[in-house]
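Below are the chains, spelled out letter by letter.
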2 protein chains.
Amino acid sequence: MPASCRRLAAVLGLCLALPVAADEGMWMAEQLPELAPQLRAAGYEADPAALADLTAAPLAAVVKAGGGTGAFVSAQGLLLTNHHVAYGVIQYNSQPGRNLLEQGFAAANQSGELRGSPDFRVLVTDGFDRVTDRVLAAAAGKKGLAYFDAIDTASKAIVAECEALAGRRCSVTNMDYGAEFYRIRQLELRDVRLVYAPPSAIGKYGDEIDNFMWPRHSGDFSLLRAYVGADGQPADYAESNRPYAPPAHLTISRNGPKDGDFAMLAGYPGVTYRHRLASEFAERIDWGLAASSEALDALIAIIEREGARNEEAAVRYASQLASFKNNSKRFRGELAGLLRSDAKRKRSEAEQAMLAWLRHDGRCAKGRRCLDGGETLTRIATVESLLEQASATRERDLVLNLILTQTQLLRAAVTLQRLALERGKPDAQREAGYQRRDENLIEAQLRQLQRRYDATTEQALLLELLRRYRELPPSQHLAELDAAFGSDAETARTTLARLYGATRLGDESVRLAQLQAEPAAVRASDDALLALAARLQPTLLRLEQQRKEREGELLRLRPAYMAALKGWYRDQQRPLFPDANQTLRVSYGRVSGFSPRDGVIYSPVTTVAGIVEKNTGEDPFAAPAPLLAAIAKGDFGDTADAALGTQTVDFLTNLDTTGGNSGSPVLNARGELIGLNFDSNWESVSASWWFDPRYKRAVHVDLRYLRWLMDKVYPAHWLLTEMGVPAAR
Amino acid sequence: MPASCRRLAAVLGLCLALPVAADEGMWMAEQLPELAPQLRAAGYEADPAALADLTAAPLAAVVKAGGGTGAFVSAQGLLLTNHHVAYGVIQYNSQPGRNLLEQGFAAANQSGELRGSPDFRVLVTDGFDRVTDRVLAAAAGKKGLAYFDAIDTASKAIVAECEALAGRRCSVTNMDYGAEFYRIRQLELRDVRLVYAPPSAIGKYGDEIDNFMWPRHSGDFSLLRAYVGADGQPADYAESNRPYAPPAHLTISRNGPKDGDFAMLAGYPGVTYRHRLASEFAERIDWGLAASSEALDALIAIIEREGARNEEAAVRYASQLASFKNNSKRFRGELAGLLRSDAKRKRSEAEQAMLAWLRHDGRCAKGRRCLDGGETLTRIATVESLLEQASATRERDLVLNLILTQTQLLRAAVTLQRLALERGKPDAQREAGYQRRDENLIEAQLRQLQRRYDATTEQALLLELLRRYRELPPSQHLAELDAAFGSDAETARTTLARLYGATRLGDESVRLAQLQAEPAAVRASDDALLALAARLQPTLLRLEQQRKEREGELLRLRPAYMAALKGWYRDQQRPLFPDANQTLRVSYGRVSGFSPRDGVIYSPVTTVAGIVEKNTGEDPFAAPAPLLAAIAKGDFGDTADAALGTQTVDFLTNLDTTGGNSGSPVLNARGELIGLNFDSNWESVSASWWFDPRYKRAVHVDLRYLRWLMDKVYPAHWLLTEMGVPAAR
């Protein structure tokens, strides 16, 4: 199986040639009835047809919660999600002397539940409808920017109509890169209360050190409860609100997962790139990932050098430094993963096979209508040339993007000038991100800057970025940028020194004043950095326009590629899922360990013994005394795994997940809840591009660990009873 | 099995209570016939009785080779051992432009074999006889130092008689801490030639990084050939010498190891402490290991500090620093292992049970003669008090030992004064280590000092050691040392500065001149350090005398403890092996992976896929191009593992090994050669004291990897034919 296959793979390339997509797939609910044979073959025992109904169990129980996913586990709106998804809610209720992050929390009863942070939302989907025809009708015959705008306008109109219904939040999202459009209608629950959370030492046991790692021993879960007004509609917090009655809730299994068991997961995965063109894979693998991590590494070195010289600068840039390091590490991990999976070659081979099918007689998928092979090939060729066009300035775009997003004061100047420009328009016509509703966020960023900015460090970072810019071929240069910073290091250095010496934007009150100032006054400002930003603005607007043109064309033409891919898949009787786009998806597979490298096998289930092994008494491995005592006591009862003879903690599946799947419920063959997704393994960091069945795993809390903790360690028996799994005693 | 047992263990303490010694044991050959039922139950298919015959196969094929073990694999004296055991021989044949360490070596035929380094010896045991009665008769009625000396004298007489036979090297060794004595007679083969060695990049693939680690991917083997003179007797190298015809040689198995298979290993393990008293376990766990690593860590910090200030000092102390770090790490690893195994408690419980048995009616082992329980208990109590006596100054002894062994110039001065003292006696009466035969080694050390000494660093190390000495309670102080260095830091500092400023021992010619000088002149030398060493000598001699007194008593009394232990074991029908003491031992068990921690399982067999995974192109993971090409080609033939479908590299067993077992042959159930021992895992670094079946593993080269390399990668088909496993084509 995986381990021996892996050995074979590296040596003989054998397994790689097997159909690898067996467990790949983030399926839309409406696709699941079609997958009934595969689901049954995989071991699913309930009715696959029922999975298409978003208003009934099990999928109606699955909701967006904060930045992740959650699932209702009782008829009274009790919601299970990750500790890290509910983190803000727990933090909101923490204060000196009553630190719930540290101590954990268990409400004694419903009236003891704590008000959540005002920004925490639970979104219950109550409508998911195809609106492709209406959206595309508006764009018919258009191209480029006009195509882009037509879709934008049609979508806005649909959203406005939809949101006429009270308490609903609507959106239009496209599938398969513009092939289909869907209107999503969601109930927006605003009164979400804290019911139960283990201490952080359990909820994020191992924290950054164990992040992405297996074996894991985190109890990354918490329980919230959604409330609604007396009228049953979403409402702000009020004591008189009553628990929300969800359309469905999940049943917790009495049994736990074991190696090879069927498993299924539903949630809101963020973004994947699995169906991108082979040339996009090649660019990411041959250039993008290495270029990005290399550039970040250079900036990391500068921040560390400046931090060594100036302790205050070190503190101010600590967060940015951590983010750079994290991203650089992830990019390198993703590259290593894609190389290990030989993704470039495989994607290219698959694409060539698809194109060959399209060119020859195969383009009529069995029993379906035919594709116009010639027209499709022409469109795909145009997509390739658009991508090539974008690639021509990729080095410049990378460095420019870093200049505009990873500086503090310069970014503030550019933002203020752009806002000044947009403020001159009616709000509805302003660019997204610069509308009235965005001004609070911009203000917050301008304030936050004070704690994240050091003039010397910013100039050093810019010097390096400008050096990289200067080394680019002339074809990638921008006249205004050349004019602003000159063509050699010395000019850049003296220019930066002059700009940063003269600007008053380092003063918070000066920055904030620009938010209220007359747009014309901002544009005419004699502040050195604001004036520079004003001079650069026409160029930046021109680049933005080009980008939108291209995006419009891609939105128009990529669907041809997807149609070819779908037809080719259909011809092989293989279903195809749309790339993830933050909409509800279902993945099925099985409980499964893996071999990270020759000679090492990871078990699919961990146990409390690992908590004791890892415990150092110091964060992030400071297991709470009650937990250690309970483990030592060994009183696990019916939550223990019979075969292992002890209490389990976390488990692995080969389910197809990505960021956004945090808090996704994991179901067994009968559709019962057995786990809670909270992470994936380091080896699968490249899975947003390529699903490698040898390495792609998802990490879940075993619901038996939750039950044991709530029964014996930090008891909340009334909640176990509410969830239908009463305490053992 | 181990993994689940381990989980249980940490939680419930259950498995730990099971009889853990199942696979523990470094058996003397003469014990093996008694173990026939156990050997058969474990799966051994050949005749256990044959294992007692040291002059026939398989044990007669197993010899001491260099610092490790080797095994004859042909009737023409072809000897298989580790690459790291034969390292000096390969190095001896390397020169600029023809670096055999780098390139490897394969003799084209017998006449192409290369002369070995003159100091490399192969020792073939041809006599192993019990001489207990003769040795102990000489010591009868004696105590302490007299007992020690009587045994020493009797042993020397036995050795002298034995060595009258030409070409033999003899020794007397004791078993069970003085209970039994054996005369070992060995043929000393001095003409040992290099026949085959893979490149170091294979032989020590992973080197220090992988050392002690699993999974491993080293081809740590080489082939030598022993030659004798025309008369068949050991001889110095001569072209006319002919291959030695060993009394037996091993047969290489056509099949390889797989999980659970019976395995057996023979070799020369160094020293173990398994049968030490519970109080000795407690002292090592509660004090010794932590105290030693803590002291080394302090010295490491000083060497690193001085090295940062002075690059030349850094170079000079690099080797000592590496050794300190290695030892400190090992001590910590050993402590962690003993704590994890709860060895102190378990050893204590076992000892208490044994003493209870001794005190009560159980002391007559079933069917054996009775022990005099009262007398035995008295002797054990005396051993305890002797150990306690030694412990009273353990802190002082630790620091003094570091002063005398881990300084360069001071150690030289002390050595020169001691040698001057011994040179005044007839050679036979000189202290071991200071006889005429030792003078070459002393001279070499005095020369080597030049490259390992820095005056500032040595003074800094001594300042720290003296500081530790001064902090000891007065009861541990030595008047002469106090007089020499004073009672405060400032006096110590100025004294050291004066001594090191004045001494001329830093000059090599001055040091070496002392070797030839009149003993009286050395003793009366006005050199500052020599004079200090002369003043300290009476104290050091007094301490040495005390130590010998105690050792004599322990040699006299410890056998009582061993007799009790043996009787108690016998009563439970459990055999007992003597602690390892560099004599031939046999261990049996099985091929077995293990779980190093919760959720992780180590496979017992690695494959060439791991070589590719680890390959970075840089030392120590620079797999040679021919190896990588051969792996990519995948042409493994009959050396591939059928189940894994690829070429294996190394494997793990639960065999009982310790240092000295390097190069030990690993045999299968039919007594055929399947592997070559070369390391153990980090988790078993504490096994010299306590064998924990959950973690104790030995690491072996899979003979199929050797066969594949010699067949397809660096071919030497004539050698495969000689070994009876001809190349596949």
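The sections below set out a description of the structure shown in this document. (Residues numbered from 1 in each chain as written. Chains lettered and ligands numbered in written order. Predicted model: local features only at pLDDT ≥ 70, side-chain atom pairs only at ≥ 80, totals over all residues. Heavy atoms only, no water.)

Re the pairing of strand E2 (residues 68-72) of chain A
All names here are of chain A. Put simply, the test is: Only protein chains enter the accessibility calculation, which uses a 1.4 Å probe; a residue whose area is less than 20% of its type maximum is buried, one above 50% is exposed, and one in between is partly exposed. What counts as a helix is a DSSP run of H or I of at least four residues, what counts as a strand is a run of E of at least two, and both are numbered from the N terminus. In this description, strands pair whenever DSSP reports at least two bridges between them.
With 5 of 5 residues buried, E2 lies mostly within the body of the structure. Both strand E1 (residues 62-65) and E2 contribute to a ladder of 4 bridges, which runs antiparallel. Looking across to E2, one finds that lysine 64 is bridged to threonine 69. Between E1 and the antiparallel strand that follows it, E2, lie 2 residues; glycine 66 among them carries a positive phi value of about 55°. As paired strands, E2 and strand E3 (residues 78-81) are joined by 2 bridges and run antiparallel to one another. Each bridged residue has a counterpart across the sheet, and for phenylalanine 72 the counterpart in E3 is leucine 79. Hairpin connection between E2 and E3: a loop of 5 residues separates the two successive antiparallel strands, and glycine 77 in this loop has a positive phi of roughly 75°.

Looking at the pairing of strand E8 (residues 191-197) of chain B
Residues and elements named next belong to chain B. Judged by how many residues are buried, E8 sits mostly within the fold: 7 of 7 residues are covered. Where E8 and strand E9 (residues 222-228) come together, 5 bridges link them in antiparallel fashion. Note that in E9 the partner of arginine 193 across the bridge is arginine 225.

Considerations on the state of the cysteines
Residues and elements named next belong to chain A. So the rule is basically this: Two cysteine sulfurs form a disulfide in these notes if their separation is within 2.5 Å.
All told, the structure shown has 2 disulfides over all chains when counted by the stated rule. The residue that forms a disulfide with cysteine 162 is cysteine 170, at a sulfur-sulfur distance of 1.9 Å. The sign of the -65° torsion about the S-S bond sets the cysteine 162-cysteine 170 disulfide as left-handed. For cysteine 170, a relative accessible area of 8% translates into the label buried.

Here's the deal with the packing of aromatic side chains
What counts here: Stacked, edge-to-face and tilted are the three classes for Phe, Tyr and Trp ring pairs, Trp counted by its six-membered ring, which pair at centre distances within 6.5 Å; planes under 30 degrees apart are stacked, over 60 edge-to-face, the rest tilted.
Summed over all chains, the structure comprises 30 aromatic pairs over all chains. Plain terms: the ring middles of B:Phe281 and B:Trp690 are 6.4 Å apart, the flat faces sit at 90° to each other, and that makes the pair edge-to-face. In this pair, B:Phe281 is assigned in helix H9 (residues 278-309) and B:Trp690 in the loop between strand E19 (673-680) and strand E20 (698-702), connecting sequence segments 409 residues apart. Each member of the pair, B:Phe281 together with B:Trp690, is buried. Here the aromatic rings of B:Tyr705 and B:Trp708 are separated by 6.3 Å at their centres, their planes lie at 25°, and the arrangement is stacked. You can see B:Tyr705 and its partner B:Trp708 sitting in helix H25 (residues 703-713), 3 residues apart, about one turn around the helix. Note on B:Tyr705: relative accessible area 1%, which makes it buried. Given the relative accessible area of 0%, B:Trp708 is considered buried. A network of ring pairs unites the aromatic residues A:Tyr273, A:Phe281, A:Trp689 and A:Trp690 as a single cluster.

Here's the deal with the packing of helix H6 (residues 144-162) of chain B against helix H22 (residues 528-571) of chain B
Residue and element names in this part refer to chain B. Rules: An axis is simply a line fitted to the C-alpha atoms; with a helix, the fit covers only the stretch in contact. Between two such axes, the angle follows the N-to-C directions and lies from 0 to 180 degrees. Roughly parallel refers to an angle under 35 degrees, roughly antiparallel to one over 145, roughly perpendicular to one between 65 and 115, and oblique to any angle outside these ranges. Whether two residues are in contact is decided by their heavy atoms: any pair within 4.5 Å suffices. Residue polarity is assigned by list, with Asp, Glu, Lys and Arg as charged and Ala, Val, Leu, Ile, Met, Phe, Trp, Tyr, Cys and Pro as nonpolar; anything else, Gly included, falls into the polar class.
The geometry of H6 relative to H22 is characterised by a closest axis approach of 7 Å and an angle of 75° between their N-to-C directions. The angle between the axes of H6 and H22 places the two elements in the roughly perpendicular class. The segment H6 lies against H22, with Gly144, Leu145, Tyr147, Phe148 and Ile151 engaging Gln545, Lys548, Glu549, Glu551, Gly552, Glu553, Leu555 and Arg556. Counted by class, the contact of H6 with H22 contains 5 nonpolar, 3 polar and 5 charged residues.

Considering H6(B)
The cut-off we apply is this: Between the first and last residue of a helix there are one fewer steps than residues, each counted as 1.5 Å, and that sum is the expected span.
Taking 1.5 Å as the rise per residue, H6(B) with 19 residues should run 27 Å; its terminal C-alpha atoms sit 27 Å apart, in good agreement. Restricting attention to buried positions, one finds in H6(B) the residues B:Gly144, B:Leu145, B:Tyr147, B:Ala150, B:Ile151, B:Ala154, B:Ser155, B:Ile158, B:Val159 and B:Cys162.

What to know about the environment of A:Gln417
All names here are of chain A. Tracing the backbone shows glutamine 417 in helix H15 (residues 409-423). Residues glutamine 417 and leucine 515 lie 98 residues apart in sequence; the distance between their C-alpha atoms is 9.7 Å. Sequence-distant contacts of glutamine 417, that is, excluding residues within four places in its chain, are made with Val522, Arg523, Leu530, Ala533, Ala534 and Gln537.

Description of the sheet that holds strand E13 (residues 594-597) of chain B
Pairing is antiparallel across the open sheet formed by 4 strands, whose spatial order is E13(A)-E14(A)-E14(B)-E13(B). The open sheet has two free edges, formed respectively by strand E13 (594-597) of chain A together with E13 of chain B, since each of these has just one partner strand. Going across the sheet, the axis of each strand differs from the next one's by a mean of 35°, ignoring polarity. As defined by bridge partners, E13(B) adjoins strand E14 (residues 600-602) of chain B across 2 bridges and the pair is classed as antiparallel. Paired with B:Arg597 across the strands is B:Val600, a residue of E14(B).

Structural notes on helix H24 (residues 625-633) of chain A
Two residues of an α-helix separated by three or four positions point the same way, owing to the 3.6 residues in each turn. Residue and element names in this part refer to chain A. Going by this rule: The arc in question is the one spanned by the directions pointing from the helix axis to the C-beta atoms.
All of the buried residues in H24 are Leu627, Ala630 and Ile631. Buried residues of H24, seen end-on, are gathered within an arc of 100° and therefore sit on one face of the element. Away from its buried face, by an angle of more than 90 degrees, H24 presents the exposed residues Ala625, Ala632 and Lys633. Directly beyond the C-terminal end of H24, a positive phi value near 70° is found at glycine 634.

Digging into the pattern of salt bridges
Condition: Criterion for a salt bridge: a side-chain nitrogen of Lys or Arg within 4 Å of a carboxyl oxygen of Asp or Glu.
Evaluation of the coordinates by the stated rule reveals 120 salt bridges over all chains. With a closest N to O distance of 2.6 Å, A:Arg394 and A:Glu283 form a salt bridge. Taken as a pair, A:Arg394 in helix H14 (residues 394-405) and A:Glu283 in helix H9 (residues 278-309) lie far apart in primary sequence, 111 residues in all. A relative accessible area of 25% means that A:Arg394 is categorised as partly exposed. On the basis of relative accessibility, which here comes to 26%, the residue A:Glu283 falls in the partly exposed class. Close ionic contact of B:Arg493 with B:Glu490 constitutes a salt bridge, the shortest N to O distance being 2.9 Å. Taken together, the positions of B:Arg493 and B:Glu490, both in helix H19 (residues 489-502) and 3 residues apart, correspond to about one turn of that helix. Assessed through its relative accessible area of 44%, B:Glu490 is described here as partly exposed.

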